[in-house]
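Structure assessment
Single-letter residue listing:
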Amino acid sequence: FNPEEFVLIDDPNNPVSTTNSQGFDTAYLATNGNVGQEGIQKWTWDGAAWSQAYVISSVDFHGLAGQLDADTGEVYLWATPRAGTSLLQFTDLATGGSKLQTDTSLITLATIPAGTRFDGVALAPIPEPAILGLVSVGFLSLAMRRRRSN
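In this text the structure is predicted, and so the values were computed from the model without any measurement.

1. Considerations on the environment of Thr80
- Along the chain, Thr80 falls in strand 6 (residues 75–81).
- A residue is classified by how much of its surface remains accessible, and Thr80, at 0% relative accessible area, is buried.
- Spatially, the C-alpha atoms of Thr80 and Asp60 are 8.9 Å apart, while their sequence positions differ by 20 residues.
- Setting aside its immediate chain neighbours within four residues, Thr80 contacts Phe61, His62, Gly63, Ser86, Leu87, Phe118, Gly120 and Val121.

As C-alpha cells, this is what we get:
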C-alpha cells in the first residue's frame, strides 16, 4: 500500500462525529504499488475508525485533487495516472459513507503527446468578484493619494 496523494472531505451527509478525525469523515487516496491495492480508494470515518468503502478505479495514480459540491453532495476528483498521459475527472455519487450507488462517471479531460507527461494535479482558488473589486478600489485609492502628494 503506497498512497501518492490524498483528498480529505467533510461530507455533510455523514452524521458521525468528526472530533477524533480532525473534522474530516471521507478520504480519497491515489495509490499504486501492490496488486489489488492500486487505484483511487474511498475511506470513511465511522466515529471510531477509518474503513475502506470501495475502490473507484484500479489504475495506478500519481496525482489527485478533489472538491465536494455542497449543493449536490457529489465529490469531484481530478487525477493523473502513473504514466502521466492524461488528466481524468471522476464524480463520486455516493454520499454519507454509503457504498457506491452507481458507476462513478469518468471523463478524460486531456491527453498529451508522447514524450510529455502530467506530473500531478492541484486546484487553485479563484477569488470572488467582490474581492477583486475591493482590491481594485484599494489600488485606486493608493494611486490617488500618491498623485496628490506629488
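2. A look at a nonpolar patch on the surface
- A cluster of nonpolar side chains, contributed by Phe6, Leu8, Phe24 and Trp50, occupies part of the molecular surface with about 370 Å² of accessible area.
- Relative to the elements of secondary structure, Trp50 occurs in strand 4 (residues 50–57).

3. Section: the nonpolar core
- In this structure, Tyr28, Ile40, Ile56, Phe61, Leu64, Leu77 and Phe90 are the most contacted members of the largest nonpolar core, which totals 15 residues.
- Mapped onto this core, the elements with two or more residues apiece are strand 1 (2–9), strand 2 (26–32), strand 4, strand 5 (61–68), strand 6 and strand 7 (86–92).

4. Re the packing of aromatic side chains
- Tallying each qualifying case throughout the model produces two aromatic pairs.
- Relative to Trp50, the ring of Trp45 lies with its centre 5.6 Å away and its plane at 55°, an arrangement referred to as tilted.
- Between Phe61 and Phe90, the aromatic rings sit 5.8 Å apart at their centres with planes inclined by 80°, giving edge-to-face as the arrangement. Residue Phe61 is found in strand 5, and its partner Phe90 is found in strand 7; the two are separated by 29 residues along the sequence.
- Exposure remark for Phe61: the relative accessible area of 0% places this residue in the buried category.

Rules used throughout
- Residues numbered from 1 in each chain as written.
- Predicted model: local features only at pLDDT ≥ 70, side-chain atom pairs only at ≥ 80, totals over all residues.
- Heavy atoms only, no water.
- Helix = DSSP H or I, 4+ residues; strand = E, 2+ residues; numbered from the N terminus.
- Buried < 20%, exposed > 50% of the residue type's maximum accessible area, 1.4 Å probe, protein only.
- Contact = heavy atoms within 4.5 Å.
- Patch = residues over 30% accessible without salt bridge, like charges linked within 9 Å, V, L, I, M, F, W, Y side chains within 5 Å.
- Areas by Shrake-Rupley, 256 points an atom, 1.4 Å probe, with all protein chains shown as cover.
- Salt bridge = Lys/Arg side-chain N within 4 Å of Asp/Glu carboxyl O.
- Core = buried A, V, L, I, M, F, W, Y, C linked by side-chain atoms within 4.5 Å.
- Phe/Tyr/Trp six-rings, centres within 6.5 Å; stacked < 30°, edge-to-face > 60°.

Spatial relationships are all this shows, so hold off on functional conclusions.
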